[in-house]
Amino acid sequence: MTTTTEPPKAATEAPPADKRPPETPRVLHERTLDDWLSLGGSAAGSLAMVWIIYERMLPTSGTLGFLVCWYIAFVLLYAAVSTLSNPGPAVRDRVAGAAVHAGAVVVGLGLVSVVAYTFWGGRDALPHLNILTSDMAGTGPRDPLDQGGALHAIAGSLVQISIAIAITLPLGVGTAVYMTEVGGKLSRVVRTIVEAMTALPSIVAGLFIYSTLIILLGVPNSGFAASMAISVMMLPIIARASDVVLRVVPGGLREASLALGASRWQTVWRVVLPTARPGLATALILGVARGIGETSPVLLTSGASTFLNVNPFEAPMNSLPLYVFNLVRSGEPLYIARAFGAAGILLGLVLLLFVIARLVARQRIGRR
C-alpha cells in the first residue's frame, strides 16, 4: 500500500501582488535619537572644552576666533562620537552634513546682515515717500529728507535694464541654443569665449563702450550707452546659465520630437525651450542681478544728472547705483541717508524683478 502526500508549500513563497501590504517609502533624511544625542553632545562638549582652553588657559580672545575654534572642535568631536557606533560611510556623511550646514549658515548670515545693514542705514530716508516721487533737481546737501528723492535714478535704472534685457535675452538664449543644439568645433570656441567673458571686469566693459560707442561713433553720454555697457556684463551670465539649463533637458524629449517628424528647430522652439523655461527665467534673473547693480560701466557711459529723464538717447541719465555712489562719497550725512534709502530701493527692485520672472515662468508651465 502506497500513500501520496502533497509537497509542503515553500515558506518563502511570495504572496500575490494584490495582497501585499503597501510599501512605506524610506525616509533617508530622518534623524534618529542617536543622531540627535551625538549632535547635541558634541556641540555642548566642544563648546565647554573650547571655552576652557580658549578663554581660560590660552592668552587668546575674540568672538571670531572663538567661533572658528569651536566649530573645528565640534567637527572633530562629532566625528569621534559617531565612530563609536556607526560605520565609516555614516561618519563621513555626518561630517559632510555638518560642513554643508555650516556653510549654508555662514552664507545666510552674510546675506541677512547685508540686507539688514542697508535698510537700517536708510531708516531715516525710506519713510519719506518723496524719495519715490521726486528727483534731486534744486535739492542741496543740507536740505531735509522730505525734499528731493531718487525718482530720476529709479526711472533711469528701469529704462537701462529694460533695454539691456531686450538686447541680451535673445542673444544669450540664442548663443546657448547654438552651443547646445548645433555643436561643432565653433561652439566650443564660443563656449570658451563666453566663460572668459564671465570674469570680465566691469570697468573694462565700461571702457570698451566708452571708446567704441561714445568716442568712435559719437554717441553722447546717455541711457542707451549705459544699457550697452550693462549688456556686455549681462550677456555672458545669461548665455552661460542658459547653456547649463538646456543641457539638462533630457535627450529623450528631443528624440521623441524628431521621431514624430518635427524638424530640429521645431524641436528646439516647441520642446526644448518650453521645457527649460523655468531655468531660463533663473538665468535671466542672474543676468539682471548682475547688470542692475553695476556702477563702473554706468559711471563712464551714462553721465550723472539730478533731474528726471526717461529718454535714453538724449541727455545724461542717472541710475540707482550711480546715485548711491555719488551721494555716499559726498560725505554729507543727509546725502548718505538718501544713499542708503536708494540702496534699499535697489534691493526691493531686484526682488520685484525676481518675483515677476518666477511668476511668468510658472504661468507658462501651467499652460502646457
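In the annotation of an unreviewed UniProt entry, the entry for the chain reads Phosphate transport system permease protein PstA, and the organism field reads Tenggerimyces flavus.

Draft legend 1. A look at the overall build of the chain. Counting its regular elements, the chain contains 14 helices and zero strands. Among the 368 residues that make up the chain, the fraction classed as buried is 35%. The long-range fraction of contacts in the chain, counting pairs at least 24 apart against all pairs at least 6 apart in sequence, stands at 69%. Here the chain has roughly 21900 Å² of accessible surface; of this, 68% comes from carbon and sulfur atoms.

Draft legend 2. Up close: the packing of helix α5 (residues 151–182) against helix α13 (residues 320–328). Put simply, α5 and α13 touch, their axes get as near as 7 Å, and they point 140° apart. By the angle between their directions, the pair α5 and α13 is classed as oblique. Within the contact between the two elements, α5 uses H152, A153, I154 and S157 and α13 uses L320, P321 and Y323. For the contact of α5 with α13, the per-class residue count stands at five nonpolar, two polar and no charged.

Draft legend 3. Just the side chain of S187, in detail. When you line up the elements, S187 lands in helix α6 (residues 185–197). On the accessibility criterion, S187 (2% relative accessible area) is buried. If near-sequence neighbours (up to four positions away) are discounted, S187 is found in contact with Y178 and M179.

Draft legend 4. Summary view of unusual backbone geometry. Positive phi outside glycine occurs at A315, with the angle close to 65°. When you line up the elements, A315 lands in the loop between α12 (296–301) and α13.

Draft legend 5. Representation of the UniProt feature "transmembrane region" (unreviewed entry) in the chain. According to UniProt, the "transmembrane region" (unreviewed entry) feature falls on residues 36–54, 60–84, 96–120, 150–178, 199–219 and 335–361. Regarding residues 60–84, the helix share stands at 84% and the strand share at 0%, and the terminal C-alpha atoms are separated by 32 Å.

Draft legend 6. Just the packing of helix α1 (residues 33–57) against helix α2 (residues 63–83), in detail. Relative to each other, α1 and α2 sit at 135°, their axes nearing to 8 Å. Compared by their axis directions, α1 and α2 come out oblique. Crossing of α1 over α2 shows right-handed handedness. Of the residues in the contact of α1 with α2, the class split is 15 nonpolar, six polar and two charged.

Draft legend 7. Layout of the nonpolar core. One finds A150, I161, I230, M234, L320 and Y323 to be the most contacted residues of the largest nonpolar core, which totals 29 residues. Among the secondary structure elements, those contributing two or more residues to this core are α5, α8 (223–248), α11 (277–292), α13 and α14 (333–367). Top element by residues in this core is α14. It accounts for eight residues. Every residue in contact with Y323, bar those within four places of it in the chain, is listed here: M136, G149, A150, H152, A153, N318, R338 and A342. Counting 11 residues, the second largest nonpolar core, distinct from the first, contains A176, V177, V272 and A276.

Draft legend 8. Molecular detail of α5. For α5, which comprises 32 residues, the first-to-last C-alpha distance of 45 Å matches the rise-based estimate of 46 Å (1.5 Å per residue) to within 8%. Positive backbone phi, approximately 75°, marks G183, located one or two places after α5.

Draft legend 9. Spotlight on the packing of aromatic side chains. Overall, the coordinates contain four aromatic pairs when judged by the stated rule. Measuring from ring centre to ring centre gives 5.7 Å for Y117 and F340, while their planes differ by 80°; the resulting arrangement is edge-to-face. With a gap of 223 residues between them, Y117 in helix α3 (residues 88–121) and F340 in helix α14 connect regions that are remote in the sequence. What makes Y117 exposed here is its relative accessible area of 56%. Measuring from ring centre to ring centre gives 5.2 Å for F224 and F313, while their planes differ by 35°; the resulting arrangement is tilted.

Draft legend 10. Region of the structure containing the pattern of salt bridges. Taken as a whole, this structure holds seven salt bridges when the rule is applied. Among the ionic pairs, D243 bridges to R191, the shortest N-O distance being 3.0 Å. Taken together, the positions of D243 in helix α8 and R191 in helix α6 put the pair 52 residues apart, joining distant regions of the chain. No difference in accessibility class separates D243 from R191, as the two residues are buried.

Draft legend 11. Representation of the environment of G291. Among the secondary structure elements, G291 is positioned in helix α11. Judged by its relative accessible area of 0%, G291 falls in the buried class. Residues G291 and Q160, spaced 131 residues apart in sequence, show a C-alpha to C-alpha distance of 9.4 Å.

Draft legend 12. Representation of a nonpolar patch on the surface. Where nonpolar side chains cluster on the molecular surface, the patch consists of M49, W51, I52, I53, M57 and L58 and spans about 580 Å² of accessible area. Its location among the elements puts L58 in the loop between α1 and α2. Relative accessible area serves as the criterion here: at 45%, L58 is assigned to the partly exposed category.

What counts and what doesn't
- Residues numbered from 1 in each chain as written.
- Predicted model: local features only at pLDDT ≥ 70, side-chain atom pairs only at ≥ 80, totals over all residues.
- Heavy atoms only, no water.
- Helix = DSSP H or I, 4+ residues; strand = E, 2+ residues; numbered from the N terminus.
- Buried < 20%, exposed > 50% of the residue type's maximum accessible area, 1.4 Å probe, protein only.
- Contact = heavy atoms within 4.5 Å.
- Areas by Shrake-Rupley, 256 points an atom, 1.4 Å probe, with all protein chains shown as cover.
- Axes fitted to C-alpha atoms, helices over the stretch in contact; angles between N-to-C directions.
- Parallel < 35°, antiparallel > 145°, perpendicular 65-115°, else oblique.
- Nonpolar A, V, L, I, M, F, W, Y, C, P; charged D, E, K, R; others polar.
- UniProt positions renumbered as here; feature names shortened; annotations may be inferred.
- Left-handed = near helix turned anticlockwise from the far one by under 90°.
- Core = buried A, V, L, I, M, F, W, Y, C linked by side-chain atoms within 4.5 Å.
- Expected span 1.5 Å × (residues − 1).
- Phe/Tyr/Trp six-rings, centres within 6.5 Å; stacked < 30°, edge-to-face > 60°.
- Salt bridge = Lys/Arg side-chain N within 4 Å of Asp/Glu carboxyl O.
- Patch = residues over 30% accessible without salt bridge, like charges linked within 9 Å, V, L, I, M, F, W, Y side chains within 5 Å.

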